[in-house]
Amino acid sequence: GENVEQHPSTLSVQEGDSAVIKCTYSDSASNYFPWYKQELGKRPQLIIDIRSNVGEKKDQRIAVTLNKTAKHFSLHITETQPEDSAVYFCAARDGGTSYGKLTFGQGTILTVHP
Amino acid sequence: NAGVTQTPKFQVLKTGQSMTLQCAQDMNHNSMYWYRQDPGMGLRLIYYSASEGTTDKGEVPNGYNVSRLNKREFSLRLESAAPSQTSVYFCASSRDETTVTGELFFGEGSRLTVL
């Protein structure tokens, strides 16, 4: 089955800095890569996703890049703000299963200091 | 429009006791899922239901059973709880497992402690 590794496990930045979280996946057939944000005590929510036929996707201050050859994808947050503090999860879906049957990474706790 | 609703939000059990987590969605979604969240391990899929009338095992199904009661409701049952099942459980739904937009909508979570 799919295996997703996420790094770092914790990340601390100053407000205004950029933050980068990286994930690698094992199944070359994987074709969908979402990122979820979970604020403390809340439910995970989708913030951005990318499909395997796209190399980069941006949405305001967040962007995701995908390198299919190397089997890794990254989340980039620019101009970080305290409200970006949360746990971020990457995930991958292999080509033969449902979109909801995702394999998640271990999570990254992002702390943005004012 | 409440989205995905789970009950109970908190539960403490003794080893060997049984309980059922309830989940309902009002978004007319076809697919529903149960995940568990443990520190440092992300979200792991327990069981899922691609559509009403079907259920399938996920990554960590041992010790659990599920029932897709109807299109709206998907329950998770622990027949004989063990301390290893102490976790936060999330129910989720998606419009259709085969659609391009694969967003999962999560419930608020149920924190279960097994003593």
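Our subject is the structure that appears above.
Keep in mind the model is a prediction, meaning the values are calculated, not measured.

Student: Which parts of the structure should I look at to understand the sheet that holds strand β6 (residues 56–59) of chain A?
Tutor: Residues and elements named next belong to chain A. As summarised here, the arrangement of the 5 strands in space is β1-β3-β8-β7-β6, forming an open sheet in which the pairing is antiparallel. The open sheet is flanked by β1 (4–7) and β6, the only strands paired with a single partner. Pairs of neighbouring strands in the sheet enclose a mean axial angle of 15°, with direction left out of account. As judged from the 6 bridges shared by strand β7 (residues 62–67) and strand β8 (residues 72–77), these two strands associate in the antiparallel manner. Across the sheet, residue N67 finds its bridge partner in β8, namely H72.

Student: Help me understand the state of the cysteines in this model?
Tutor: Throughout this description, disulfide means a covalent bond between two cysteine sulfur atoms. Going through the model one piece at a time under the given rule, you end up with 2 disulfides over all chains. Two residues share a disulfide in this structure: C23(A) and C90(A), whose sulfurs sit 2.0 Å from each other. Across the disulfide from C23(A) to C90(A), rotation about the S-S bond amounts to roughly -100°, and the bridge is consequently left-handed. Taken together, the residues C23(A) in strand β3 (residues 19–25) and C90(A) in strand β9 (residues 86–92) connect sequence positions 67 residues apart. For the pair shown, C23(A) and C90(A) are each scored as buried. Sulfur-sulfur distance for the disulfide between C23(B) and C91(B) comes to 1.9 Å.

Criteria and cut-off values
- Residues numbered from 1 in each chain as written.
- Chains lettered and ligands numbered in written order.
- Predicted model: local features only at pLDDT ≥ 70, side-chain atom pairs only at ≥ 80, totals over all residues.
- Heavy atoms only, no water.
- Pairing = 2+ DSSP bridges.
- Helix = DSSP H or I, 4+ residues; strand = E, 2+ residues; numbered from the N terminus.
- Axes fitted to C-alpha atoms, helices over the stretch in contact; angles between N-to-C directions.
- Disulfide = S-S within 2.5 Å.
- Buried < 20%, exposed > 50% of the residue type's maximum accessible area, 1.4 Å probe, protein only.

Geometric values such as these leave the question of function open.
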